[in-house]
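Here are the chains, one letter per residue:
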Amino acid sequence: MPNSLFLKIMPIIVAVLLVTALIVVFLAWKRKEKYMKLGELKNFSYSPGYCDMLGESHSAELRNGGDGSWTLISYDRQEHSEPLIKTTYAVSEEEVLRFEEYLKEKKIASLDGRKDSDDFATDYSPWSYRLLYDNSSVGGEKNAEYAIREFRKYSDADKALLKELGERWKSLFGEKISEEPEE
């Protein structure tokens with residue numbers, strides 16, 4: 001009799017396992033798809049890692065003006081008592097297009113999916129990159145954000161890619177247009 005009960009529930013168990021496997025595969029595919037279909041780059045920002053015990057602050061961002069123009073701005077302060085300095089740099093549309101192609105070709109946004117590491121530091125602001133895309137043209141979100149940051153588990157290939165990304169990012173900074181303290 002126990003054998004007949006097992007034979008009756010076996011198809012249910014197999015069906016549940018099959019459905020579970022299909023759901024897992026579908027979710028993995030959707031997650032991967034998130035990084036494959038990218039629309040128009042709206043913003044790219046970077047903040048280097050630094051010790052902020054005295055109020056140090058650094059960041060830079062590449063902004064899409066929406067009309068084909070781009071602005072590259074950095075914000076820097078060495079300590080709390082100093083003003084935040086806003087520096088604007090020249091950047092050509094051609095350079096930005098090459099940079100955007102590089103981001104897509106190398107699938108930089110996929111680095112957002114790396115798992116957190118166990119590393120942690122106090123009195124330290126970790127480095128980070130933030131990419132903002134308008135993915136509505138490819139069936140995605142209008143404001144799709146991808147965050148790449150320190151204290152995640154990156155492979156050696158990822159680390160090489162991050163090094164190359166940093167070099168490409170630095171090469172975008174053209175002639176200094178203005179420098180002014182922020183209120």
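Residues numbered from 1 in each chain as written. Predicted model: local features only at pLDDT ≥ 70, side-chain atom pairs only at ≥ 80, totals over all residues. Heavy atoms only, no water.

A. Local environment of helix α3 (residues 156-171). Here α3 contains 16 residues, and its C-alpha end-to-end distance of 23 Å stays within 8% of the 22 Å for a straight helix at 1.5 Å per residue. Taken together, the buried positions of α3 are D158, L161, L162, L165, G166 and W169. Buried positions in α3, seen along its axis, are confined to an arc of 145° and lie on one side of it. Across from the buried face of α3, at angles greater than 90 degrees, the exposed residues are D156, A157, K163 and K170. (Helix = DSSP H or I, 4+ residues; strand = E, 2+ residues; numbered from the N terminus. Expected span 1.5 Å × (residues − 1). Buried < 20%, exposed > 50% of the residue type's maximum accessible area, 1.4 Å probe, protein only. Arc of directions from axis to C-beta.)

B. Summary view of the nonpolar core. The biggest cluster of nonpolar side chains holds 28 residues, and the ones touching the most others in it are F44, L62, L103 and L165. Of all the secondary-structure elements, those providing two or more residues to this core are β1 (40-47), β2 (57-64), β3 (70-77), α2 (93-105), β5 (128-134), β6 (144-149) and α3. Not counting residues within four places of it along the chain, the set of residues in contact with L103 comprises L41, F44, I108, L131, Y133 and L165. (Core = buried A, V, L, I, M, F, W, Y, C linked by side-chain atoms within 4.5 Å. Contact = heavy atoms within 4.5 Å.)

C. A look at the environment of K142. Within the fold, K142 resides in the loop between β5 and β6. In sequence terms K142 and L132 are ten residues apart; their C-alpha atoms lie 9.3 Å from each other. Ignoring sequence-local partners within four residues, the contact set of K142 consists of K42, Y133, D134, N135 and S136. Of note is the side chain of K142, whose polar atom sits 3.4 Å from the side chain of D134. (Polar contact = N/O pair within 3.5 Å; in protein donor to acceptor, adjacent residues only side chain to side chain.)

D. Structural view of the packing of α2 against α3. For the pair α2 and α3, interaxial distance at closest approach is 11 Å and the crossing angle is 170°. Regarding the angle of α2 to α3, the classification is roughly antiparallel. When α2 is examined against α3, the residues E95, F99, Y102 and L103 are found in contact with a partner set consisting of L161, E164, L165, R168, W169 and S171. In terms of residue class, the contact of α2 with α3 is made up of six nonpolar, one polar and three charged. (Axes fitted to C-alpha atoms, helices over the stretch in contact; angles between N-to-C directions. Parallel < 35°, antiparallel > 145°, perpendicular 65-115°, else oblique. Nonpolar A, V, L, I, M, F, W, Y, C, P; charged D, E, K, R; others polar.)

E. Looking closely at the pairing of β5. Within β5, five of the seven residues are buried, which leaves the element mostly enclosed by the surrounding structure. Two elements, β1 and β5, share seven bridges in a ladder whose sense is antiparallel. Bridge pairing in β5 places Y46 opposite Y129. Where β5 meets β6, six bridges bridge the pair, whose relative direction is antiparallel. (Pairing = 2+ DSSP bridges.)

F. Main features of the pattern of salt bridges. Taken as a whole, this structure holds nine salt bridges when the rule is applied. As a salt-bridge pair, D116 and R152 come within 3.6 Å of each other at their nearest N and O atoms. With D116 in the loop between α2 and β5 and R152 in the loop between β6 and α3, the pair connects residues that are 36 residues apart, well separated along the chain. In this structure, D134 and K142 form a salt bridge, with 3.4 Å as the shortest nitrogen-oxygen distance. (Salt bridge = Lys/Arg side-chain N within 4 Å of Asp/Glu carboxyl O.)

G. Summary view of the sheet that holds β6. Spatially, seven strands are ordered β6-β5-β1-β2-β3-β4-β7 in an open sheet, and the strand pairing comes out antiparallel. Either end of the sheet is taken by a strand with one partner, and the two such strands are β6 and β7 (176-182). Averaged over all adjacent pairs, the angle separating strand axes in this sheet is 15°, with direction ignored. Relative to β2, β1 runs antiparallel, the two being bridged by four bridges. Along β2, the bridge assignment pairs F44 with L62.

H. Quick look at the packing of aromatic side chains. For the coordinates displayed, the defined rule picks out twelve aromatic pairs. The interplanar angle of 45° and the centroid separation of 5.7 Å between the aromatic rings of F44 and Y129 together place this pair among those described as tilted. Placement of F44 in strand β1 and of Y129 in strand β5 is noted, with a sequence separation of 85 residues between them. Residue classification places Y129 among the buried positions, given a relative accessible area of 6%. Put simply, the rings of F44, Y46, Y89, F99, Y102, W127, Y129, Y154, W169 and F173 touch in pairs and so form one group of aromatic residues. (Phe/Tyr/Trp six-rings, centres within 6.5 Å; stacked < 30°, edge-to-face > 60°.)

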